[in-house]
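In case you want the letters, here they are:
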Amino acid sequence: MKRFRKLISIWGRLVFVLLIILAAFVFAMFQGGYVSWAIFYAITPFILYSISLFLYPLRTVTAQRVIRTPSVKNGGKLLVSLTVKRDFPFPLLYTVISEKWRDEDILLVTKGTMKKLFVFGFQKTEEWQYEIDRMPRGEHVLEGLEIEVSDFFGWVRKKHFIPLKNTVLVYPKMTDIHYVPIDTQYDLGSMISPYNIVKDTTMATGIRDYQSGDRVSWIHWKSFARTQTLMTKEFEDRRSQDLLVIFDGRPSETFEEQVEFTASILKEATNDQAGIGFLTTGAESATFPFIQSEEQFNKVLIHLAKIKPSDESTAVISNDYRTEFSQSGSVILITAHPDWPFLESVISNVTNARSITCFTVVKKDAPVKNVLAEDIRLAKSKGISVHALTKEQFPTAFKGVIHS
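Residues numbered from 1 in each chain as written. Predicted model: local features only at pLDDT ≥ 70, side-chain atom pairs only at ≥ 80, totals over all residues. Heavy atoms only, no water.

Colleague: Please set out the pairing of strand β1 (residues 62–67) residue by residue, giving values where relevant.
Modeller: A one-sided burial pattern is seen for β1, the buried positions being A63, R65 and I67 and the unburied ones T62, Q64 and V66. With six bridges connecting them, β1 and strand β3 (residues 78–85) associate as antiparallel partners. Bridge pairing in β3 places R65 opposite L82. (Buried < 20%, exposed > 50% of the residue type's maximum accessible area, 1.4 Å probe, protein only. Helix = DSSP H or I, 4+ residues; strand = E, 2+ residues; numbered from the N terminus. Pairing = 2+ DSSP bridges.)

Colleague: Could you give an account of the sheet that holds strand β14 (residues 242–247), with specific residues and numbers?
Modeller: Read from one edge to the other, the open sheet built from six strands follows the order β16-β15-β14-β17-β18-β19, with strand pairing classed as mixed. Whereas interior strands pair on both sides, the edge strands pair on one side only; in this sheet they are β16 (286–291) and β19 (385–389). Within the sheet, the average angular offset between the axes of one strand and its neighbour, ignoring direction, is 15 degrees. With five bridges joining them, strand β18 (residues 355–361) and β19 adopt parallel strand pairing. Across the sheet, residue T360 finds its bridge partner in β19, namely A388. Its contacts with the sheet put helix α5 (residues 255–271) on β14, β15 (275–280), β16, β17 (330–335), β18 and β19, and the angle it makes with β14 is roughly 165 degrees. (Axes fitted to C-alpha atoms, helices over the stretch in contact; angles between N-to-C directions. Contact = heavy atoms within 4.5 Å.)

Colleague: Outline the nonpolar core, supporting the account with residue identities and numerical values.
Modeller: The biggest cluster of nonpolar side chains holds 44 residues, and the ones touching the most others in it are L78, W101, Y130 and M135. Here this core takes six residues from helix α2 (residues 33–55), the largest share from any one element. Core analysis: the second largest hydrophobic core is formed by 32 residues, Y179, A269, I334 and F394 among them. (Core = buried A, V, L, I, M, F, W, Y, C linked by side-chain atoms within 4.5 Å.)

Colleague: Hey, could you go over the pairing of β3 for me, with residue numbers and the actual values?
Modeller: Summarising burial for β3: six of the eight residues are buried, a large majority. With eight bridges joining them, β3 and strand β6 (residues 125–132) adopt antiparallel strand pairing. Note on β6: the bridge partner recorded for V80 is Y130.

Colleague: Quick one: what's the story with the packing of α5 against helix α6 (residues 294–306), residue by residue and with numbers?
Modeller: Helix-helix packing is described using two parameters, namely the angle between the two axes and the distance between the axes. Here α5 crosses α6 at 180 degrees, and the two axes come no closer than 11 Å. One element, α5, and the other, α6, form an angle in the roughly antiparallel class. Here V259, T262, A263, L266, K267 and T270 of α5 come into contact with α6, specifically with F297, V300, L301 and L304. Residue composition of the contact of α5 with α6, by class: seven nonpolar, two polar and one charged. (Parallel < 35°, antiparallel > 145°, perpendicular 65-115°, else oblique. Nonpolar A, V, L, I, M, F, W, Y, C, P; charged D, E, K, R; others polar.)

Colleague: Quick rundown of the pattern of salt bridges? Include the residues and the values.
Modeller: Throughout the structure, instances matching the rule amount to twelve salt bridges. Among the charged side chains, a network of salt bridges with common partners joins D248, R250 and D339. (Salt bridge = Lys/Arg side-chain N within 4 Å of Asp/Glu carboxyl O.)

Colleague: Run through the side chain of S98, naming residues and quoting values.
Modeller: By the element assignment, S98 lies in strand β4 (residues 92–101). Apart from residues lying up to four places away in sequence, S98 is in contact with M114, K115, G144, L145 and E146.

Colleague: I'd love a proper account of the sheet that holds β3, names of residues and values included.
Modeller: Either a parallel or an antiparallel arrangement is found when strands of a sheet pair, and the pairing is made through backbone hydrogen bonds. The three strands are arranged β1-β3-β6 in an open sheet whose pairing can be described as antiparallel. Unpaired on one side and paired on the other, β1 and β6 mark the two borders of the sheet. Each strand of the sheet is rotated relative to its neighbour by a mean of 15 degrees, with strand direction disregarded.

Colleague: Could you give me a rundown of the packing of aromatic side chains, with the residues and numbers involved?
Modeller: Scanning all chains against the criterion turns up 18 aromatic pairs. With a centroid separation of 5.5 Å and 65 degrees between ring planes, the pair formed by F359 and F398 is classed as edge-to-face. You can see F359 sitting in strand β18 and its partner F398 sitting in helix α9 (residues 397–402), a full 39 residues away along the chain. Classification of F359 as buried rests on a relative accessible area of 0%. Taken together, F46, Y49, Y56, F90, F152, F153 and W155 form an aromatic cluster joined through their ring pairs. When the ring centre of F120 is taken as origin, the NZ or CZ atom of R86, which lies over that ring, is 4.7 Å away. Residue placement shows K382 over the ring face of W340; its charged tip is 5.2 Å from the ring centre. (Phe/Tyr/Trp six-rings, centres within 6.5 Å; stacked < 30°, edge-to-face > 60°. Lys NZ or Arg CZ within 6 Å of the ring centre and 35° of its normal.)

Spelled out as C-alpha cells, the structure:
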C-alpha cells in the first residue's frame with residue numbers, strides 16, 4: 001500500500017506538469033497575441049526540465065561513508081565523511097541528502113545536522129562532512145542515505161534510498177579510579193592484604209604457548225631462539241585477587257553512571273592483574289568468568305556499550321551462575337536499588353564469597369529516599385558493606401571501602 005501511494009504521488013506530479021504545459025498551450029492558441037505565447041515559451045524550459053528530472057534515474061547515484069572516529073566514548077565527538085557520486089552529469093538543482101539512523105532517538109542529539117542541501121549542478125561528485133558533538137553510549141546503526149531532488153518550483157520531487165550500513169559503537173566513559181584490592185587469597189587459607197601479587201615470578205614451573213595479553217617479561221627467550229616460536233613461562237600461583245563484579249541492569253536515574261563506574265573498576269582491576277569475573281543481570285545478561293587480557297576486557301567493553309536497562313522483574317540472579325562463580329573471593333555489586341530480593345539472590349548464588357561490597361550510585365545533591373535508606377540499613381544488618389556514592393566520588397570509591 002505504501003509503495004502504491006508513492007507511485008501515485010510521483011506520477012501525479014508528472015500529470016500535473018503536463019497539465020500546466022497543456023493549459024498554457026491552449027490559452028496561447030485561443031487567446032493569441034504576443035503575451036500569451038510569451039508565457040507559453042517562458043514556462044516551457046521549466047516544464048521540460050521537470051519532465052527530464054522525472055526521467056532521470058536516481059538509482060545510478062552511489063555513496064561512500066567513512067567514519068573518521070571509529071572509537072568514540074560516551075559524550076565524545078563523532079566525525080563522518082560522505083562522498084556522493086554519479087555517472088551522468090545531469091544538472092541537479094535542489095538536492096537534499098539525509099542520513100538514516102536505525103535509532104530515531106539519535107535525531108534528538110544531532111539537532112538537524114543529518115540533512116544537507118546541495119546545488120549539484122553538472123558536478124559528478126559531492127562531499128559532505130559532519131560531526132555530532134555528544135554521542136550517547138550504545139550501538140548506533142546507520143542504515144543508509146536518502147537523496148531527494150526537486151525542480152525549480154517543486155512540481156517534481158523524487159527520492160531514492162541508498163543502503164549504506166555502518167555501526168558506530170559508543171563505549172562507556174571511564175574514570176581513573178584508585179583501585180585497592182579488597183581481599184587477597186593464598187593457595188591454602190586466606191588473609192587480608194593491601195597487596196595484589198598474582199604470580200610468583202621468581203619461580204618458573206614450566207613453559208606454554210604464548211597468548212595475547214602475556215607480559216613481555218614472561219617470554220621464554222631461550223626456547224624462542226631455539227624454535228623461533230614464542231613461549232611463555234608458567235609461574236606458581238602464590239597469591240591472587242579473586243573478584244566478582246555484578247552489575248544491576250534494572251532501570252534507574254543513574255544507569256549511565258553505573259555503567260561508567262563498572263567499566264572503570266574493571267579497567268583498573270585488569271591493569272592491576274586481578275582475577276576478575278563479571279556478571280550483568282537483566283534481559284541482556286551476560287557472564288565473563290575470567291577477565292585478564294586486553295582482548296577479554298574489550299569484549300566486556302563491547303557488552304557495556306550495548307547494554308540497556310531491562311525490566312524490573314529480571315533483577316534476581318539465576319541459580320545457573322552458582323557453579324560458574326563459586327570460587328569468588330570478593331563480590332562487588334553496582335546498583336541503584338540495593339533491595340533485599342536482589343541482594344539475597346547474590347548471597348544464595350555466590351556461596352564462597354569472603355566479602356560483599358555494594359556500591360549504590362546516587363545523584364549529586366539528590367535527597368536519599370526513605371525506601372533507599374531502609375534498603376541500605378537492611379543490607380548492612382545482613383553483613384553487606386554498602387556505600388552510597390555520586391559520580392564525583394568514583395575516583396576515591398575504594399578508599400571508603402578500606403577505611404570502613
